[in-house]
Amino acid sequence: MAKRHIDDGPVALTDANRLYLYKLLGEALGIGRQTFLPRALEALAAEGITPENLGHPDAQALFSTLSDFCQLTAFKGGRFYVTVTRREDWDQVLAATEAPRQGSAGKGGKPWKRKKGALKPSRPKTRQVEAKKEPEPEVGPEQPKDTADVNALEVGGAAEAQTEKAEPVAAETGEEARAEGQPAAPSDAGEADQTSEPAQAAKPEAQPEPSSPAPASSGIPSILEQIAATSVAPVAAPKAVTSSPHADLPRSFSDDVSIKPALLGLLTSILPFDADLMAVLDEDWRVARATGTTAGSRNLVTFPLRYLQEDGSEPVRVTIRRTARPGDARRWHLTLVDGDDGTGQAHEAAGIEGLPEAEGGYWCDLSPRPAAGTERPDPIRDLAQLMEIGTWNQALGTLATAAAPERWNYPGEGVGKASRYGILREYLSATLARARAEGRLATSADGSLAAFDTGLMTPMDEELYAVLSPTGTDIPWHLDGFATAGAGELGSRLVASLSELPARATYLASVDDVALRDGALTVADYRSLLGDGLARLPQGFLSAQLDGTDAAHELDGLSRATTPQGRRDALRRLSRAITGEPGRYRRICRAIDDAIDLAQRRARQSYRLVAPAYDAARDRMVLLLPLALVDDARTDCALVLELMPSGAYQAARVTTLAHAYAAARVVSREMPGWLSPEDVLA
């Protein structure tokens, strides 16, 4: 690897340079938010700034010189976090430079005359960094290339052309961590994107000779291995058990964590009355370890629960601490719930129904809410309890980069946003649920490897498989990465361990899964459509039906609600206002009936308007039809039709177009025109 040479010491930063960096990092990371160091480096790299071209040997040295507005915090395990601290004086300067120039002209109204001496942000001058190559290691005689290696090179050919242009900041951070014996720390925002290219993989270590012959490999890493090197930690093969970074943490709240009565009472009061507290803590703790959402140190760990705070902005977070009390068999104790040790007033505003639960996947729109005391299956949580994935952004970024380009973000998601790859997360979870239901999660005879077909293809039309290795813990598997059969180290392990490659999950078993039955009765469940489904009906439709009635102000209250609890209360009041007046209720039901009848007549004229969808929570197929409630020429939402054993269809749910796309994408990439991703996901 090239060594970077730095001459003449660090670049001297002026006040204008510091103001520029303050503005840049403040906008990219946020003021007062603790952010993982690679994310800060990514923000600088986007403007062509690196520690090296500012004359610093590493990131820590650079940020130590920015201590007047950046706080660098080191955690155990070699993790560094950056916090941009607010500078009121600089905020005033920035506000003055960005404000309209009214009144700033000199005498005579000449706008080009500016006030002298005003501080303005200025990009620091960077140096040209020369790279000096180290002597290349000796290599043995060239081995003949087999077909698998040629395919691997073809897959990576298009991507390698752009790799030289990519900024290597994130990859260098991971290499420095590996050089110190630590795994590369995951980033919550700087992960691989669909259009990003992988950095060069680290040189593989010598592997022990496998007990059974494996396909020959040229030793040239494929594009999939290069991607995995920057996201999913490579695992030596063959290996019986993958060591877990959480091996020293408790596995079960019921057995390993003590909860004092004050905190037990607090949790009981804020969770829904029918929630099993210990089951929730056990499952959420397992999911947090599998998806990398724990934070802290080896002795103090914080993780999120599935429930949201009253305003719906953040999940409730629980903190556990390692203690060594004489005679106490449990080494861990629950110490805080959202910073409250049980003596404060946290979550006093929680309603009688408890805090709201975080939104699930698209499948929540496809079936009615389960009865009280019955938990709705969640394929995303099921996946996280089956395998350790690192982080969602890490794993999904790897898969999105390896697969043929597609839109995988819901509206409002993407680079720099709070979340990414929402559709891909639900797709992978639903695919795994179907593969397990059909017995297509393949396991090797010795239990050293498991794999399933993701249903996605590379740009070269090769099938992508998820490859897992055992952990020996309560989370049985670890996601090693994604591979094509026989290509690279993971692909070689795959074909060496399994006598047959995993079969792709199937969804379509009969014509009923893709087309409507002629003459079949359709029964609409209006109570459900105007109850739980009321939030997914278009506002314009409800406004037209309720205009001039006393229920109109309830609709206005719904539009003004800003918190999940407030929205739930407003929806409940609006539903009562609609169903409580018979004439109003019948009028809305007739309007819905007309829209359903139009959708069915159009679907019977062209079966291509029907979108087959997979309900991963119940492992069954449903049909989606375009529903036009405001304008016949424009689809507002999707109607969910479920074929009953009697042969009749039940129309009990509607879903948003984005969720309809996600549900249909699990079955096929081909979409009807009304579910075009360019329109639905824009």
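So, a few notes on the structure that sits alongside this text. For clarity, every value in this text was computed on a predicted model and none was experimentally measured.

## Notes on the overall build of the protein chain
Then, in step 1: Along the backbone of the protein chain there are 21 helices and 20 strands.
Then, in step 2: Within the span of the protein chain, comprising 682 residues, buried residues form 47% of the whole.
Then, in step 3: For the protein chain, the proportion of contacts with a sequence separation of at least 24, taken over those separated by at least 6, is 66%.

## Observations concerning unusual backbone geometry
Most peptide bonds are trans, and most residues other than glycine sit at a negative phi.
Then, in step 1: In the Ramachandran plot, Tyr-421 falls in the positive-phi region, its phi being about 60° despite a non-glycine side chain.
Then, in step 2: In this structure, Tyr-421 sits in the loop between helix H12 (392–402) and helix H13 (422–437).
Then, in step 3: A positive phi angle, near 55°, is found at Asp-619, a position not held by glycine.
Then, in step 4: Locating Asp-619 in the fold gives a position in the loop between strand S17 (611–615) and strand S18 (620–627).
Then, in step 5: Classification of Asp-619 by relative accessible area gives partly exposed; the value is 35%.

## Let's talk about the packing of aromatic side chains
Then, in step 1: As enumerated under the stated definition, the model contains nine aromatic pairs in all.
Then, in step 2: On the numbers, 5.9 Å between centres and 90° between planes, the contact of Tyr-22 with Phe-69 is edge-to-face. One end of the pair, Tyr-22, is in helix H1 (residues 15–29); the other, Phe-69, is in the loop between helix H3 (59–64) and strand S3 (70–75), with 47 residues separating them in the sequence. The pair formed by Tyr-22 and Phe-69 is uniform in burial state, with each residue classed as buried.
Then, in step 3: In textbook terms, an aromatic cluster arises when at least three aromatic residues are bridged by ring pairs, as seen for Tyr-22, Phe-69 and Trp-90.
Then, in step 4: One cation-aromatic arrangement involves Arg-87 over Trp-90; the distance from NZ or CZ to the ring centre is 4.0 Å.
Then, in step 5: The ring centre of Trp-392 lies 5.9 Å from the NZ or CZ of Arg-425, which sits over that ring.

## Re the nonpolar core
Then, in step 1: One finds Tyr-362, Met-387, Leu-424, Tyr-614, Leu-624 and Leu-675 to be the most contacted residues of the largest nonpolar core, which totals 60 residues.
Then, in step 2: For this core, the element with the most residues is helix H20 (residues 657–665), which contributes seven residues.
Then, in step 3: In this structure Leu-624 touches Leu-366, Leu-609, Val-610, Ala-611, Ala-613, Leu-639, Val-640, Ala-660, Ala-663 and Trp-674, once residues within four positions along its chain are discounted.
Then, in step 4: Within the second largest apolar cluster, 39 residues are counted, among which are Leu-516, Leu-529, Ile-578 and Ala-603.

## Here we look at the sheet that holds strand S9 (residues 315–322)
Then, in step 1: Spatially, S6-S10-S9-S8-S7 is the arrangement adopted by the five strands of the open sheet, whose pairing is mixed. Only two strands of the sheet have a single partner each, and these edge strands are strand S6 (257–259) and strand S7 (295–296).

## Some words on the side chain of Asp-636
Then, in step 1: Note on placement: Asp-636 falls in the loop between S18 and strand S19 (637–643).
Then, in step 2: Only 3.0 Å separates the side chain of Asp-636 from the backbone nitrogen of Val-630, close enough to count as a polar contact.
Then, in step 3: If we skip the residues at most four places from it in the chain, Asp-636 touches Pro-538, Leu-627, Ala-628, Leu-629, Val-630, Asp-631 and Leu-657.

## Some words on the pairing of S19
Then, in step 1: Among the seven residues in S19, six count as buried, and that is most of the element.
Then, in step 2: As judged from the five bridges shared by S18 and S19, these two strands associate in the antiparallel manner. Considered in S19, the bridge of Leu-624 is made with Val-640.
Then, in step 3: Of the strand pairs in this sheet, S19 and strand S20 (residues 649–655) are connected by six bridges, and their pairing is antiparallel. Counted as the bridge partner of Glu-642 is Gln-650 from S20.
Then, in step 4: Counted along the chain from S19 to the antiparallel partner S20, the turn is five residues long, and its residue Gly-647 has a positive phi close to 95°.

What counts and what doesn't
Residues numbered from 1 in each chain as written. Predicted model: local features only at pLDDT ≥ 70, side-chain atom pairs only at ≥ 80, totals over all residues. Heavy atoms only, no water. Helix = DSSP H or I, 4+ residues; strand = E, 2+ residues; numbered from the N terminus. Buried < 20%, exposed > 50% of the residue type's maximum accessible area, 1.4 Å probe, protein only. Contact = heavy atoms within 4.5 Å. Phe/Tyr/Trp six-rings, centres within 6.5 Å; stacked < 30°, edge-to-face > 60°. Lys NZ or Arg CZ within 6 Å of the ring centre and 35° of its normal. Core = buried A, V, L, I, M, F, W, Y, C linked by side-chain atoms within 4.5 Å. Pairing = 2+ DSSP bridges. Polar contact = N/O pair within 3.5 Å; in protein donor to acceptor, adjacent residues only side chain to side chain.

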